[in-house]
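Coordinate analysis (summary)
Here is what each chain is made of, one letter per residue.
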Amino acid sequence: MAARQDGVSHPAAVSLPWHPIPGGLTAPTGFLAAGSTAGLKASGKPDLSLLLAPAGAVCAGSFTTNRVRAACVDLCAERLAASGGLARAVLTNSGQANACTGDLGLIDSLRATQATADLLGLAAEEVLICSTGVIGVPIPMEILLAGLDPLVEALSPEGGAAAATAILTTDLIDKQIALEADLGGRRVRLGGMAKGSGMIHPDMATMLGYLSCDAGVPAELWQGMVRRAVDRSFNAITVDGDTSTNDTFLAFAAGEPLSPEHFEALEAGLTAVSQHLARAIARDGEGATCLIEARVEGATDDAGARAIARTICGSSLVKCAVHGRDPNWGRIVAAAGRAGVEFDPEAVALWLGEHQLMAAGQPLPFDRPAASRFMAERAAGAYLSGDTVTIRLVVGDGPGQGLAWGCDLSDQYVRINADYTT
C-alpha cells in the first residue's frame, strides 16, 4: 500500500523542518482536485482527473526528451513558455496516450482544454493537458467531453486521492505524498501525485507527475528549483531503459510570497516530494519485487556520480541478479565502467547492503548466502522502507555523489508487456 492506516505517506528520508501529513496533492491551501470514471477505459476504472490551482499560480514544467512527443506535451510546453509560467489547471486522461495520432492529437488537446476552460471560467491558455495510455490511440472525445461537467462539479480540497487514482494505467498502486513545514513562523505545505510503472528511464520516463505548493515563488526561481529537483528524482530512476512520448511533470506554486531566506528549505522539501514519488514509480515497476538504490561516491562531480548510479540501476544483468538474489557483484562494477565517466578501477570499493564485496579494486571474501538472504529479505520488506536493496560504490576520493533508483527484473515484466494491448 502507498500509505499507512493513518492516511499519511511516509517517505524513507525527509529532513526537518518537513514532516509528512495527509492530503496528497490538495493538502496545500487553495488547491482543488477531482477524479472520475468517464468511460475512457474499457476496464471501467477511473480515467479522468483535474487539478485546479489558485489564482496567480505559477507553473514549472519538465517534459520528455523523446523526439516523438504527444501533442499534449508540446501544447503544455508552449503555453508555459508563452505565459511566463502562468497556469491554473491541468486535465489528465488515462487510457489513451493520444501520441502519434497526426493532426488529430493537437486538435483533440485543444478541444479538451477549451471545454475545460469554459467550465472553469478560465482562458484556454491557462489550462494544460496530459494524456497517458496506449501510443497511437486517440482520445474518444465525445466520452471525454461528456465527462467534464461531473469532473468539474467534483472539484474539492479533498479530491487529491481520487485524482491520484484516475491517472493510473498499469500501476498497481497510487502514488501520493504531502509535507508540511514551519518556515519563519508560517505554515507551508507541499503535495504531490504521480503515475508510472513501465517505460521508465532517466531524462523523464513514462510518468506523469504533479506537485502543489501554497507559497508564492517567482516563476524563474521556481523553474530552477523544479529543474534541480527533477534531476535528483525523476531523472534518477529507471525500470526498463525506455522513455515515453508523454512524460510530463508540472509543479504549481501559489500563495503569499515566501521570504527568500526560506527558498533553500523550500527546495529541500520540493526535492523530498519528488524523490518519494520517483522512488514509488521505480518500486512499482512492472513485475518488480523490490527497489534498488545505487549510491555512488568519490566521483569528480555529482553529475558523473549520478550517471554511474543510473547505469547500475538500468543494467538488465544487475536487475536480473537482484531478482534472483544472486550477489554477482561483477555485473555492478561492469555497469559502472560503461557509464561514460572517468574513474580509477583500482580505487573501487563496493558494498551490497552491509556486505563489502570489493576494496581498492580487489575482491574481498564475503558471506555469499548472507548477501543473498539480504536481497530476499528486502523483497519481503515494507513498502518504500524495508524493501530496498542498497548498493554503495566508491570510485575515488572526489567530491561527487549521486543517487539513482530502479527495480529488479522479473519474468512478469515480459508477460505484462507482451500482453499490453491484447
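Before any of the text, the structure's been laid out above.
Summarised in this report is the structure supplied together with it. Residue numbers run consecutively from 1 along every chain, following the written order of its sequence. Local features in this predicted model are restricted to residues whose pLDDT is 70 or higher, and side-chain atom pairs enter the listing and the counts only when it is 80 or higher, whereas totals over whole chains, interfaces and linings include all residues. For the side-chain quantities, the full set of heavy atoms in the structure was used; hydrogens and water were omitted.

Observations regarding the sheet that holds strand E3 (residues 48–52)
Here is the rule: Paired strands, in this sense, are two strands between which DSSP finds at least two bridges. Helix numbering and strand numbering both begin at the N terminus, where a helix is a DSSP run of H or I of at least 4 residues and a strand a DSSP run of E of at least 2. A fitted line through C-alpha atoms serves as each axis, taken over the contacting stretch for helices, and the angle formed by two N-to-C directions is quoted from 0 to 180°.
Strands sit in the order E2-E3-E5-E6 across an open sheet of four strands; the sheet is mixed. Each edge of the open sheet carries a strand with a single partner, namely strand E2 (32–36) and strand E6 (127–134). The mean inter-strand angle of the sheet, taken between neighbouring strand axes irrespective of direction, is 10°. Of the pairings in the sheet, the one linking E2 to E3 comprises five bridges and is antiparallel in character. Bridge pairing in E3 links Leu-32 to Leu-52.

Quick look at the nonpolar core
Filter applied, for reference: Here, nonpolar core refers to any group of buried Ala, Val, Leu, Ile, Met, Phe, Trp, Tyr and Cys residues whose side-chain atoms link them within 4.5 Å. Three exposure classes are used, based on accessible area relative to the maximum for each residue type with a 1.4 Å probe and protein chains only: buried under 20%, partly exposed in between, and exposed over 50%.
Ranked by size, the top nonpolar core spans 71 residues in total, and within it Trp-222, Leu-266, Ile-308, Ile-312 and Leu-393 carry the most contacts. Per element, the largest residue contribution to this core is 10 residues, and it comes from helix H7 (residues 263–283). Counting residues in hydrophobic clusters, the runner-up holds 51 residues, among them Leu-25, Leu-80, Ala-124 and Phe-252.

Details of the sheet that holds strand E11 (residues 291–299)
Convention followed: Throughout, a residue-residue contact means that at least one pair of heavy atoms, one from each residue, lies within 4.5 Å.
One open sheet accounts for six strands, arranged E14-E13-E12-E15-E11-E16; its pairing is mixed. The sheet is open, and its two borders are formed by strand E14 (362–363) and strand E16 (400–407), each paired with just one other strand. In the packing of helix H11 (residues 368–379) onto the sheet, the strands contacted are strand E12 (349–352), strand E13 (355–359) and strand E15 (388–394), and the crossing angle to E15 comes to about 130°.

Things to note about the pairing of E3
The two faces of the sheet receive side chains in turn, since in a regular strand these alternate between them. Taking burial as the measure, the five residues of E3 include five buried ones, the bulk of the element. Alternating residues of E3 divide into Leu-48, Leu-50 and Leu-52 and Ser-49 and Leu-51, and every residue in both groups is buried. Direction of pairing for E3 relative to strand E5 (residues 89–96): antiparallel, over a ladder of five bridges. Each residue of the ladder has a partner; that of Leu-51, found in E5, is Val-90.

With respect to the pattern of salt bridges
Should their charged atoms come close, side chains of opposite charge can pair. Counted only if it meets this: One speaks of a salt bridge when a side-chain nitrogen belonging to Lys or Arg is within 4 Å of a carboxyl oxygen belonging to Asp or Glu.
What the rule picks out here adds up to 10 salt bridges. Between Lys-175 and Asp-171 there is a salt bridge whose closest N-O contact spans 2.7 Å. When its relative accessible area of 1% is taken as the criterion, Lys-175 is described as buried. Given a relative accessible area of 9%, Asp-171 falls into the buried group. One salt-bridge network, held together by shared partners, links Asp-171, Lys-175 and Asp-284.

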